[in-house]
Amino acid sequence: MKKISLLGATGSIGIQTLEVIESHPEEFKLVAMSFGRNYKSGSDIIKKFKPEFVAVKDKETYEHLKREFSSQDVKLGYGEEALIEAAIYDGVECLVNAVVGSVGLIPTLKAIENNITIALANKETLVTAGHLVTEHAKKYNVNILPVDSEHSAIFQCLQGESVKSIDRLIITASGGSFRDRKREDLVNVTVDQALNHPNWSMGAKITIDSATMMNKGLEVIEAHWLFNLHYDKIDVLLHKESIIHSLVEFHDRSIIAQLGTPDMRVPIQYALTYPERLPLKEAKRLELWEIGKLHFEKADFTRFRCLQYAFDSGKIGGTMPTVLNAANEVAVEAFLSGKITFLQIEEFIERSLDKHESIANPSLEQIQEVDQLTRNFVQTLI
Ligand SMILES: NC(=O)C1=CN([C@@H]2O[C@H](COP(=O)(O)OP(=O)(O)OC[C@H]3O[C@@H](n4cnc5c(N)ncnc54)[C@H](OP(=O)(O)O)[C@@H]3O)[C@@H](O)[C@H]2O)C=CC1
Ligand SMILES: CC(=O)[C@@H](O)[C@H](O)COP(=O)(O)O
Ligand SMILES: [Mn+2]
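What you see is a predicted model, and the numbers here were worked out from it, not measured in a lab.

Just give me the short version of the UniProt feature "binding site: NADPH" (unreviewed entry) in the protein, but keep the residues and values in it.
Mapped onto this numbering, the UniProt entry annotates "binding site: NADPH" (unreviewed entry) at Thr 10, Gly 11, Ser 12, Ile 13, Gly 36, Arg 37, Asn 38, Asn 122, Glu 124 and Gly 203. Inspection of the secondary structure assignment puts Gly 11 in the loop between β1 (2-7) and α1 (12-23). Of note, Ser 12 is situated in helix α1. Owing to a relative accessible area of 25%, Ser 12 belongs among the partly exposed residues under this scheme. Not counting chain neighbours up to four residues away, the residues in contact with Ser 12 comprise Ser 201, Met 202 and Gly 203.

So, the site of ligand 1: which residues are in play, and what are the values?
In the neighbourhood of ligand 1, 24 residues make up the surrounding shell, with Thr 10, Gly 36, Arg 37, Glu 124 and Gly 203 lying closest. Here Gly 8 contributes a backbone N or O atom positioned 3.3 Å from an oxygen atom of ligand 1. Between ligand 1 and Thr 10 there is a distance of 2.7 Å, counted from an oxygen atom to a side-chain nitrogen or oxygen. Out of a free accessible area of 900 Å², ligand 1 has 86% covered by protein chains. Broken down by secondary-structure element, the contributors of at least two residues to the shell around ligand 1 are α1 and α6 (123-139). A per-class count over the shell around ligand 1 returns 11 nonpolar, 8 polar and 5 charged. Shared between two domains, the shell around ligand 1 holds at least three residues of each, these being domain 1 (2-146) and domain 2 (151-316).

Before we move on, can you summarise the pairing of strand β10 (residues 244-250) with the specific residues and values?
Counting buried positions over the 7 residues of β10 gives 7, a clear majority of the element. The pairing of strand β8 (residues 166-173) with β10 spans 4 bridges and is classified as antiparallel. Looking at β10, one finds that Leu 169 is bridged to Val 248. Direction of pairing for β10 relative to strand β11 (residues 255-259): antiparallel, over a ladder of 5 bridges. Among the inter-strand pairings, Ser 246 is bridged to a residue of β11, identified as Gln 258.

Can you tell me about the coordination of the manganese ion (ligand 3), naming the residues and giving the values?
When four donors bind a metal tetrahedrally, each ideal donor-metal-donor angle is 109.5 degrees, and when six bind octahedrally, the ideal angles are 90 or 180 degrees. Only Asp 148 (OD), Glu 150 (OE) and Glu 219 (OE) from the protein coordinate the manganese ion (ligand 3), and they sit 2.1 Å from it. The sequence pattern formed by the donor residues of the manganese ion (ligand 3) is D-x1-E-x68-E. Note that Asp 148 is positioned in the loop between β7 (144-146) and α7 (149-157) and Glu 219 in helix α10 (residues 214-227), a separation of 71 residues in sequence. Glu 219 carries the same exposure label as Asp 148, and that label is buried.

If you had to explain the sheet that holds β1 to someone new, which residues and values would you point to?
A sheet is described by the order of its strands in space; here 7 strands give the open sequence β4-β3-β2-β1-β5-β6-β7, paired in parallel fashion. Unpaired on one side and paired on the other, β4 (75-78) and β7 mark the two borders of the sheet. If you compare each strand with its neighbour and ignore which way they point, the axes differ by 20 degrees on average. Pairing between β1 and strand β5 (residues 94-97): 4 bridges, direction parallel.

Explain the nonpolar core residue by residue, including any values.
In terms of nonpolar packing, the biggest core is built from 90 residues, with Val 54, Leu 65, Leu 169, Leu 324, Phe 342, Ile 345 and Ile 349 touching the most fellow members. Looking at this core, the element that brings in the most residues is helix α14 (residues 320-336), giving 9 residues. Sequence-distant contacts of Phe 342, that is, excluding residues within four places in its chain, are made with Phe 178, Leu 186, Val 189, Ala 194, Ala 211, Thr 212 and Phe 335. Ranked by size, the runner-up nonpolar core spans 28 residues in total, among them Leu 83, Ala 129, Leu 132 and Val 142.

An account of the environment of Lys 240 is needed here, citing residue identities and associated values.
Position of Lys 240 relative to the elements: it lies in the loop between β9 (234-238) and β10. Sequence-wise, Lys 240 and Leu 294 are 54 residues apart; in three dimensions their C-alpha atoms are separated by 7.8 Å. In this structure Lys 240 touches Ala 173, Ser 174, Arg 179, Asn 199 and His 295, once residues within four positions along its chain are discounted.

Parameters and conventions
- Residues numbered from 1 in each chain as written.
- Chains lettered and ligands numbered in written order.
- Predicted model: local features only at pLDDT ≥ 70, side-chain atom pairs only at ≥ 80, totals over all residues.
- Heavy atoms only, no water.
- UniProt positions renumbered as here; feature names shortened; annotations may be inferred.
- Helix = DSSP H or I, 4+ residues; strand = E, 2+ residues; numbered from the N terminus.
- Buried < 20%, exposed > 50% of the residue type's maximum accessible area, 1.4 Å probe, protein only.
- Contact = heavy atoms within 4.5 Å.
- Near = heavy atom within 4 Å.
- Polar contact = N/O pair within 3.5 Å; in protein donor to acceptor, adjacent residues only side chain to side chain.
- Areas by Shrake-Rupley, 256 points an atom, 1.4 Å probe, with all protein chains shown as cover.
- Nonpolar A, V, L, I, M, F, W, Y, C, P; charged D, E, K, R; others polar.
- Domains from an automatic or database assignment.
- Pairing = 2+ DSSP bridges.
- Donors = N, O, S within 2.8 Å, 3.2 Å for Na, K, Ca; no water.
- Axes fitted to C-alpha atoms, helices over the stretch in contact; angles between N-to-C directions.
- Core = buried A, V, L, I, M, F, W, Y, C linked by side-chain atoms within 4.5 Å.

Have a look at this one:
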C-alpha cells in the first residue's frame, strides 16, 4: 500500500489522481492532501478518502472546515507551512505535486529532503528553480517522476535506454485553442475562447498557457532539467491530435514514440506505479484506424513568441526562467480576470525579460526575490 500526499486535490490533475487511487484501493492510500478555495469539492474528497491531514490555502477555508470536521476526523492546517506539512506528512512515500504555480517549489524541496518520491505535474517548479530541484534530488537520491504527458512519454520511451544515446527529444504540441488563427486575428479574442482547448480538459492557467504556447515553452525547460539535455537537443513539433505524446530520436536515427488517447490518468498512474504498470480499464483504447490520419507541422516561433522566449530564457539560464515563469503567472491571472488582453500576456513577459539581468546559479533566496520583483513589475503594467 503506497502512502500518497496529493497537493492540489481539487484541480484537474488532483481529481484524476484520486480516480487512479480509487480504482486501485489495494495499492494506494491518500494520507494527506491540500486544496485552495474549492470548499465543496475539498470537503467531499475528505469524506470519501478520509486523509489524515488536510492543508488549505487560507484561514477562512480552514475555519469553515473546522466547523464541519472534528479533530478526530482529520487534522487541518492552512497557509504555506501547512502545504509543506501535507507534503512531508508522516509515512508519505510519494508526493503528487499538482498545485499550479511556483507555490509548489518549497514543498517539493522539503519532500526531497525527506526522501519522498516526487510525482511532478507542477512544471512551474522546474522552470523557476530547475537546478535547485535537480541538485537536491541527486543529493538525496530521490526520483522525480514526470506526470506531464509529454515528459511521461519521453520517460517511457527511455526505459532500458541510455540518455547518452539520445540525439534529440521531440515534444509534441497541440497548438492550443488558437492554433488555426493568424497573429493579427488574436487581438480581440476572449477568455472563453482561449479556455476552449481542442483536446484536453485542464485547469484554467495551463489552458491559457497552451493557447499562447507558453505551456510548450515551460515544457521545453522542464525537459531540459528532467532529462539533463541541452536546449539544442530539444525540438517542438505541432501535432494537432495529441495522440503521439512525444518522441525520442537516438543516434542511430531510430525514433521511439509513446501514443495513447489523451487521458492524464495514464501518465499519473505510471508515475504512481513506476517501474511497474497496472491495468487502467477506464482509459479508452487507442484505435489508429478510427483516427485515420495524424498531422504534423513545424512550430512557428514568430507566431508563438512565448515559445521563443522560453528557449531564449532557458539557454541564458540563471534567474531568466524564473522571470519568464513569474511574469507569465501574473499576466495569465490578469487575462483570466479580464484586466488585460490575450496579446498583452506576451508583451508583459517580453518586457519583464528585457529588463532583467540574469543571476547565474542563483540561491533559493535570490530566486524568491527575483520572482517577487517580477510579479511586482508586471502588476505595474496591468
Ligand atoms: N491539467 C492537466 O491536464 C495538466 C496539468 N499540468 C500541470 O499540473 C499543475 C496543476 O494543473 P491543473 O490541475 O490543471 O490546475 P487546476 O487549476 O485545475 O488545479 C490547481 C490545484 O491547486 C490548488 N491551488 C491553487 N493555488 C494554490 C495555492 N496557492 N496553494 C495551495 N493550493 C493551490 C487548487 O485549489 P482550488 O481549486 O481548491 O482553489 C487546485 O486544487 C499545473 O502546474 C499544470 O501546469 C501538467 C500537465 C497536464
Ligand atoms: C496534458 C498535458 O500534458 C498538457 O500539458 C498538454 O500537453 C497541453 O497541450 P498543448 O500541447 O496544447 O500545450
Ligand atoms: Mn503537457
